[in-house]
Amino acid sequence: MSVRIDLFKGFQFKYRETIVHKLDPRTKGLYVIICTIIALMYTSPIPILLTFITSIILVLLSRVTKEWIGTMKSIALLSIFIFIVNYFTAPYEKLNFAVTMTLRLLTLTSTFSVFFLTTSPEDFSLALLKLGVPYEYTLIFNMAIRFVPTLARDLQTVIDAQKSRGLELEKGNIMQRIRRMIPILVPLLVFEIKRSIMIAEALEARAFGALKNRTYYYEIRMKKIDWILSVIMVLTFVILIVLQLMNILPEWFYWRIPM
Amino acid sequence: MIAIEVKNLYFAYSAEEYVLKNINLIVNEGERVAIIGENGAGKTTLIKHFNGLLKPTKGYVKILGKDTRRHSVAELSRHVGIVFQNPEHQFFAETVEKEVAFALENFGYPKDEIEKRVNYILKYFDLQKYRDKSPFNLSEGEKKRLAIASILVYDPEILVLDEPTTGQDAIQKRKIAEIIKRLSEKGRTIIVVTHDIEFVVELFDRVIVMAEGRIIADGPTREVITNYEIIKRARLLPPQINICARLLEDLGIPSNIITVSELVEEITKVYER
């Protein structure tokens, strides 16, 4: 349980006055996309490692090191698992394959973590909106994030109420334990469904969906720095692809771990 | 005998701040005590210590002599029944009957005993006609009564109610008051967290006032709730009848009146003079 909560913390936004936080979410989104492509495109460790290093630089710049370490710790076990499984299932170049796959997981987690640690959910949905996602969907996303702590609190309340009626969650074998979840899950589910209906009514009472085109009080804007960084990133990526296609990248770039 | 003993209790959810600070409290068996105070004062946090849902960070809580740090919630719940504010946070069974039987099953009562007790409590709470209905189909007042019934069915020595009158109409409130009175006559210890000052005046001889995680007053109801300084700190209003009495102070009416009949009596005296 604690592992999953830590992972969640690693994606929880907290505002800080840093250059990374101030960037437009689309710039950071572009970064995540490019990193993802690179991490998935290569099967040798060096390019993925370089990508990983860029994410660490961003972590340091945005001063979210503590939260980032939390996220990385929470996937430590999974990384070891992936390493072992790949090592024993790869047909050849076992070590190279295992290292690359593990690095991939670390890099993807790290870049996504940086994105969500430095981008508020509101900004994220505003960016989605700019990319043409309908407002209804971005609102769902926003509310989902907003209601995670509420849900956790409701869960605790239900657990408290049932424990007060003598329900023992820790006792018994697996089947008994699963059966004991019913008194927890039923009230929670009913309660949350009722809550969602109430929220829908409250939204409608505030004229949600009255007009096809709504206005926005707060909007995100690409600033000069965003354009510069975006151009640099796209250029780097394009050059990398071109060099790759022309086959003139240096040898060490493709270095594979022997064995 | 002492029902609840709280000594130097401090409690913190996280390392940063204590939610409860130096709580000292003794409740004797058979007492009726109301806990009042503004939202976030720590009232619910305090009552969660009474059946071990929360364990003290510092200090101790003893229930009928049992230290809550050394007993499980299930063990302590046999003696302390807590009814939480929102009944819907606990309903899960298909029928009212099963809902009421839940605690008895958990505590390992034999089948015939469960049947006997369920029959008795449903009658006691006037819920027999809903026996085979879903708890979710009851009215708000009935839900509240069912929640109380589902605890009282195993007859705990100490009953704790968290805001039992919130959202209840006058008739339901009357019924809850009735239940509390009858239990008290049976010698049960009753603790109620509430914002309803009229309810407090009617039913409780002793009031505990909490603010910012501390107990700021603990004493006889009349004394505590006519102390405007305390009432203000708890962000409550004194009973209207007391406000009225104070406005009539010039006529020689005492300022510590808390019930309607007292005021009527005093006004009659003034007329007779």
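Every value quoted in this text rests on a predicted model; they were computed, and no experiment measured them. (Residues numbered from 1 in each chain as written. Chains lettered and ligands numbered in written order. Predicted model: local features only at pLDDT ≥ 70, side-chain atom pairs only at ≥ 80, totals over all residues. Heavy atoms only, no water.)

A. Inspection of the overall build of chain B at higher detail. Scanning chain B for helices and strands turns up 11 helices and 10 strands. In summary, chain B has a C-alpha radius of gyration of 20 Å against a globular reference of 19 Å for 273 residues, a match within 12%. C-alpha atoms of chain B, sized along the principal axes, occupy 65 × 50 × 30 Å. Residues classed as buried in chain B amount to 55% of the 273 residues present. (Helix = DSSP H or I, 4+ residues; strand = E, 2+ residues; numbered from the N terminus. Rg over C-alpha atoms; globule rule 2.2 N^0.38 Å. Buried < 20%, exposed > 50% of the residue type's maximum accessible area, 1.4 Å probe, protein only.)

B. Broad picture of the packing of aromatic side chains. Residue and element names in this part refer to chain B. Applying the stated criterion to the full structure yields 20 aromatic pairs over all chains. Both rings, one in F11 and one in Y13, keep their centres 4.9 Å apart while their planes meet at 85°; by these two values the pair is edge-to-face. Against the face of Y124 rests R182, its NZ or CZ located 4.3 Å from the ring centre. In this structure, R246 is placed above the aromatic ring of Y228, and the distance from its NZ or CZ to the ring centre is 3.6 Å. (Phe/Tyr/Trp six-rings, centres within 6.5 Å; stacked < 30°, edge-to-face > 60°. Lys NZ or Arg CZ within 6 Å of the ring centre and 35° of its normal.)

C. Quick peek at the interface of chain B and chain A. Residue-level contacts link 24 residues of chain B with 19 residues of chain A. Taken together, both faces of the contact between chain B and chain A bury some 1,900 Å²; the carbon and sulfur share is 62%. Its largest share of buried area at the contact with chain A, chain B owes to H89, F92 and F102 of chain B, together 33% of the area lost on that side. Counting the contacts that link chain B with chain A gives 3 salt bridges. Taking the shortest distance from any N to any O, the salt bridge between E88 of chain B and K194 of chain A comes out at 2.8 Å. Counting across the chain B and chain A interface gives 9 residue pairs in polar contact (both at pLDDT 80 or more). For the side of chain B that touches chain A, the elements supplying multiple residues, two or more each, are α2 (73-77), α3 (96-106) and α5 (140-152) of chain B. Its residues assigned to classes, the side of chain B that touches chain A comprises 13 nonpolar, 7 polar and 4 charged. (Contact = heavy atoms within 4.5 Å. Buried area = accessible area lost by both parts, 1.4 Å probe. Salt bridge = Lys/Arg side-chain N within 4 Å of Asp/Glu carboxyl O. Polar contact = N/O pair within 3.5 Å; in protein donor to acceptor, adjacent residues only side chain to side chain. Nonpolar A, V, L, I, M, F, W, Y, C, P; charged D, E, K, R; others polar.)

D. Inspection of the pattern of salt bridges at higher detail. Applying the stated criterion across every chain, the model contains 29 salt bridges over all chains. For E202 of chain B, the salt bridge is made with R174 of chain B, and the minimal N-O distance between the two is 3.2 Å. Of this pair, E202 of chain B sits in helix α7 (residues 197-203) while R174 of chain B sits in helix α6 (residues 170-185); the two residues are 28 residues apart in sequence, bridging distant segments of the chain. As a salt-bridge pair, K181 of chain B and E202 of chain B come within 3.7 Å of each other at their nearest N and O atoms. One end of the pair, K181 of chain B, is in helix α6; the other, E202 of chain B, is in helix α7, and 21 residues separate them in sequence. The network of salt bridges with common partners includes K194 of chain A together with E88, E140 and K143 of chain B.

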